[in-house]
Amino acid sequence: MRTVNSLIGSAIERREDLRFLRGRGEYVDDLLRHDLLHAAILRSSVAHGRIRAIDVSAARALAGVHAVITAKEVRAGQPDNGIPRVPMRLQPLPEFEPVGQPVIAESKVRYVGEALAVVLAVSAAVAEDALGLIEVDIEPLPAVADRHMSAKGSALLFEERGSNLAIKFHALRGDAATTFKNAPYVRRESFRTQRHMALPMEPRGLLAQWDAARGKLTLYGAAKVLFFNRRTLARQMGLPESAIELIENDVGGGFGARGEFYPEDFLIPFAARHTGRPVKWTEDRREHLMTVNHAREAECDVEIACMRDGTILGLRGHAYVDVGAYMRTNGAVGARNIAQFMSGPYRIENIDIDVSLMLTNKTPVGTYRGPGRFETDFFRERLLDIVAGDLGIDRVELRRRNLVPHRAMPYPIATITPFESKDELDSGDYQTTLDLCLREIGWQEKSKLAGKPIDGRYHGLAVGCFIEGGAAGPKETARITLEPDGCFCVYVGSSAIGQGLETAFAQIAADALEVPIARIRGVFHGSTSYVSDGYGAYHSRSVVMGGSAILAAADNLRAEIRAGAAKRLGCAVAEVEIVEGDKAVGPGGKSVALHAICDGEVSAEGAFLNKKHTYTYGTHAAHVAVDPKLGHVELIDYVVVEDCGRIINPRTVHGQAIGSVVQGLGGAVMEHLQYDAEGQLLTGSLADYLIPTASDFPNIRALVLEEHPSPINPLGAKGAGEGGIIAAGGIMANAIADALSEFDVEPRELPLTPSRIWELVQAGKESKKPA
Amino acid sequence: MSVRFEVNGKQVEVDVEPRMTLADCLRHELRLTGTHVGCEHGVCGTCTVIADGAAVRSCLMLAVQAEGSRIVTVEGLSDGEELSPLQKSFRRHHALQCGFCTPGMLTTAHVLLSEEPDCDATRVREVLSGNLCRCTGYISIVEAVLDARADYRPKDRATGVADKP
Amino acid sequence: MKMPPFEYACPTTLSEAVALLASHDGEAKALAGGQSLVPMLAFRLAQPALLVDLRKLAELREIKISADGVRLGAMVRWRDILDDRRLDTAHPLLKAAVAEVAHYQIRNRGTVGGSLAHADPAAEMPGIAVTCEAEISVVGKSGSRVIRAAEFFHGPLMTALAADEIIVDVRLPAWPPGRRWGFQEFARRRGDFALAAAAVFYDEDASGKARNVHVGAIGVADRPLRLHAAEAVLNGQFIDEDTIGKAEAAASASVNPQDDIHASAAYRRALVGTMVERALKAARSREMG
């Protein structure tokens, strides 16, 4: 009798919770080693300058300090006497070569926070004491504080290059020039999104151990893209990949920022080899704010062309992304996405958008959940509400008229150059999520309140549609072993960052192997020793890529088991059936227990290769009440409806949606990394960089559907986890505009803080005063 | 300096520098790593422990100030292998994802429910507003805490008391 | 962000504490609840040679209520104030303000004395002290003295305290029944420092006109302020829409806030007016029990 499972789709409680709830998670800072040295990093307090001298003698002499590493020691310790650079992982174009970040500053510093020296001491406190004793002589240079100064070019970050422009991407489709020339209606607008960041609750950390006798390096605290990082580190340290093991511990959130290759990912292993002792480094929050990838700082100057009935004909314009001082591993992704995904889920046949990546003396950028998508969704959805107002068309109708229809799928979107990147929307009915969302929020009823003051507050509504790209290829690998006691262990190249992989993948594996979930002993993720080749967790790919790889591994394992059983039973492989997950049965009912089939372990790997993206899609709607005197926005109701193709665990995907929305709301109204004209980061603590708390947004609902599976993978799944954040900025801005329409408030910039909203209201009042 | 206090029912004695925080002392001297450190300046709440019955930020307490105190950490919230009713409620409601803020949420909620088992959602949100979470968006955490109220009310209380939303 | 090294002492008497503070040439600091001081040390913005922990000074933990008013010992915690039912009537304005202080965990350790000594311009307790014309008793190596709240706060994180002086208690004048009061605060998020806050109270004469009006503003200057211009508009008048509007305008006109990363100067200026307006409206409509 075959057991037919349906664990996929069931809301089982998470396995990971058992250790997290008891405080028995093991995060990297929880690790202890005998003979440990603690690292502290001296960071530049100058945004742009030439390093004249660095004197570490007093630091070295401090009791408890074991060593101090500067660029000099790095060069001396490297086989090629060079200073390694952080490589580009995504879009590694030759243009980016000269602007890669050296792992430690040597001749110049280019942002506040750039590493100057590493102190190794008996405790983190002593190491930090020693930082205060290091003397650095930096000749300050004018700071390139924003993209305008960057464009002006009077101060250059890389003198030899002659320009602060890192690269320009171009998104093209159809013929925008002709379209705009002939369009009956064109509207031009400028918008801006602010610099903010992922801010996971756990700061970064690493623990490196160098076994000189065996020439082996072990690095704990890795996350997200371990295999790429191992490859990079091997190259940088002159070691074979097999000599390095990267281990993923429990990870306190990632959201795109944790796990990319940072300078510390070289410096700490180097320090371990340099000192011959295990080295532990835990960043503090102040450091985190100034060194972990920043994101989202973008501006655009765009035009939309439409028919008078609101049908969108074209989109064109220029976008500018402030990418900070260097191009790190994935610094180009956000910018590229701004251009490529400005059209979102809407049918726009003529597109010409370029995006310039401008270097400035600020922390380098990287991806943060929905990179570029949050920004471009805000730009586009604001534009749509403005167009609706101009043309006198209902905001919902305008969207409905322009959503890519179901029958037009797969629908090609703009092509990006350079790094020729074609893409298409895979499947879905965007109208249904729109309808459902409107119904859920009670759009008909609530619209009656719009723009009206009730008890001193103005009510407003907004609705917007989005797409979330997922399932980045090219590959993911999984391995499943059958243990002697009949339990299965699943190993996968995907990384866990809190999204519940250990549970979701156990569900997938149990269904594929047709065994009760209790027979899945565990899902082991991330570490380089688990599979031969892995990629990791990014671009909402884990379920599609990791999950599909698990299906492949399960197939291969079942084939192995049946082959082994056939030998034992003396029959053909085709005659063997696996029954109840614990025995193999041949003709005549002869059976053999699975665990007795081979001596020791039976193991099989599987991989899933993919070149296409999946597109989870949906609609958000919000109802707000704004106090125009305080500038305070109360979120009365927020609904997100998204279709992610196939739901593995409704509990976890729902949790992702809510968490993602709240991050987006933080980006819409409160989060902001602020710099002054000298490139000093003003928001250096959590008292200044504000993220949502439990009292800020209590009324959010998420509905996750699985009506349109993706055709590109055996699970039918699409990535999920980024959709919530993507639409939040545009929605909040539009809802606030709707509420404050009496004051002609048209937000063009995020975040919409109380102060900013109040200023917009005042400006509106001023403009209405009789001359 | 030598400091003596009680942690999770056990007497301990440590020898630490005055500048060591209670958080670091718990984590590194006593190897109770369930209490986490997220900011070291008293904002994020991941370091919350219970000191003499009150929820406090252990990153803002010097270990030497714990002399003679009764400290309870997340490890002390459950007995053996069984999850406490509050922990079970968290699991049921999917009130954690990466788990980093969870110990601080649990200790804070445990004190709140012990003192105010009839608290409503507004009060729960107000109290938890001192604990940052980046993963869940808080809604499931608030639901988990509200759902656990029944476990903190005296057993002999009359049933039929409507639960305030 | 590990703290720099320091010595630590935990005296059992007030005179011992004073002697310790005096002993280190201005390099010693009193440690009360630590909720403000410890973050300063973590950021290495303060590097005292010695911390003098006041936690064993039991005499500093009392809340005394008498005809003289409310006396809060320096080590009284926010939690103690919120738990003390007597203060519901003995000083409801104090209670309302303290309910806004920071967060649950902070209120379990933060103290009255610590807040006054720290003197953050956006903190509630200094604002209440100034609004209510409190008197702060301190003791130092040269003996004890009483400092009026109006003279206590000198600037952001700066007070009249000498390096060897410890706050012993703060006396808020007696609160008569029938007094009308309001406290309004607006912060970016619940528990954050106020972008602006207003504390108001007034008594009514036989005809119902306001007298003895006190209007205090928090968060709009380098120290808490009494807004005398707003008070002048209200004294001797009925508190109604018209006078409240005038008080709002007078409040805004009388302050000179700065731009900062959280808000513009213009916004804060308008906001303090709004806080005064709403505090007055609350005062006027309050159910007097």
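Residues numbered from 1 in each chain as written. Chains lettered and ligands numbered in written order. Predicted model: local features only at pLDDT ≥ 70, side-chain atom pairs only at ≥ 80, totals over all residues.

Turning our eyes to something else, we now look at the interface of chain C and chain B. At the junction of the two partners, chain C supplies 23 residues and chain B supplies 22 residues. Secondary structure elements with two or more residues in the side of chain C that touches chain B: strand S1 (7-9), helix H2 (37-42), strand S3 (50-53) and helix H6 (104-107) of chain C. (Contact = placed C-beta atoms within 7 Å. Helix = DSSP H or I, 4+ residues; strand = E, 2+ residues; numbered from the N terminus.)

Take the domain arrangement of chain B next. All names here are of chain B. The domain architecture assigned to chain B consists of domain 1 (2-76) and domain 2 (85-152). For domain 1 and domain 2, the distance between their C-alpha centres works out to 21 Å. With 14 residues of domain 1 in contact, the opposing surface of domain 2 contributes eleven residues. Those elements giving two or more residues to the side of domain 1 that touches domain 2 turn out to be strand S3 (48-51) and strand S4 (54-57). Looking at the side of domain 1 that touches domain 2, the element that brings in the most residues is S3, giving three residues. In terms of residue class, the side of domain 1 that touches domain 2 is made up of seven nonpolar, seven polar and no charged. (Domains from an automatic or database assignment. Nonpolar A, V, L, I, M, F, W, Y, C, P; charged D, E, K, R; others polar.)

Bringing the packing of helix H2 (residues 85-92) of chain B against helix H3 (residues 102-115) of chain B into the picture now. Residues and elements named next belong to chain B. Relative orientation of the contacting elements H2 and H3 amounts to 120 degrees, with a least axis distance of 10 Å. What the angle tells us is that H2 and H3 run oblique. Our pair here, H2 against H3, has a crossing hand that is right-handed. Where H2 abuts H3, its residues Leu86, Gln87 and Phe90 lie against Leu106, Ala109, His110 and Leu113. The residue makeup of the contact of H2 with H3, split by class, is five nonpolar, two polar and no charged. (Axes fitted to C-alpha atoms, helices over the stretch in contact; angles between N-to-C directions. Parallel < 35°, antiparallel > 145°, perpendicular 65-115°, else oblique. Left-handed = near helix turned anticlockwise from the far one by under 90°.)

All names here are of chain C. As defined by bridge partners, strand S6 (residues 135-140) adjoins strand S7 (residues 143-148) across six bridges and the pair is classed as antiparallel. When the bridges of S7 are listed, isoleucine 136 appears paired with isoleucine 147. The turn joining S6 and S7, which pair antiparallel and follow one another in sequence, is formed by two residues. (Pairing = 2+ DSSP bridges.)

Every contact between the two is made by 43 residues of chain B and, on the other side, 44 residues of chain A. Split by residue class, the side of chain B that touches chain A holds 19 nonpolar, 16 polar and eight charged.

With that settled, consider helix H12 (residues 395-402) of chain A. Residue and element names in this part refer to chain A. For H12, every residue scored as buried is listed here: Arg395, Leu398, Arg399 and Asn402. Projected onto a plane normal to the axis of H12, the buried residues spread over an arc of 95 degrees and lie on a single side. Looking at the buried residues of H12, the elements they touch are strand S14 (312-324), helix H11 (373-391), helix H13 (430-441) and strand S20 (457-470). (Buried ≥ 20, exposed ≤ 12 C-beta atoms within 10 Å, placed from the backbone. Arc of directions from axis to C-beta.)

In this section: the packing of helix H11 (residues 241-254) of chain C against helix H12 (residues 265-285) of chain C. All names here are of chain C. Their axes nearest at 8 Å, the elements H11 and H12 cross at an angle of 150 degrees. When the axes of H11 and H12 are compared, the pair comes out roughly antiparallel. Considering only the axes of H11 and H12, their crossing is right-handed. Residues Ile244, Ala247, Glu248, Ala249, Ala251 and Ser252 of H11 lie in contact with H12, whose contacting residues are Arg269, Ala270, Val272, Gly273, Thr274, Val276, Glu277, Leu280 and Lys281. A per-class count over the contact of H11 with H12 returns eight nonpolar, three polar and four charged.

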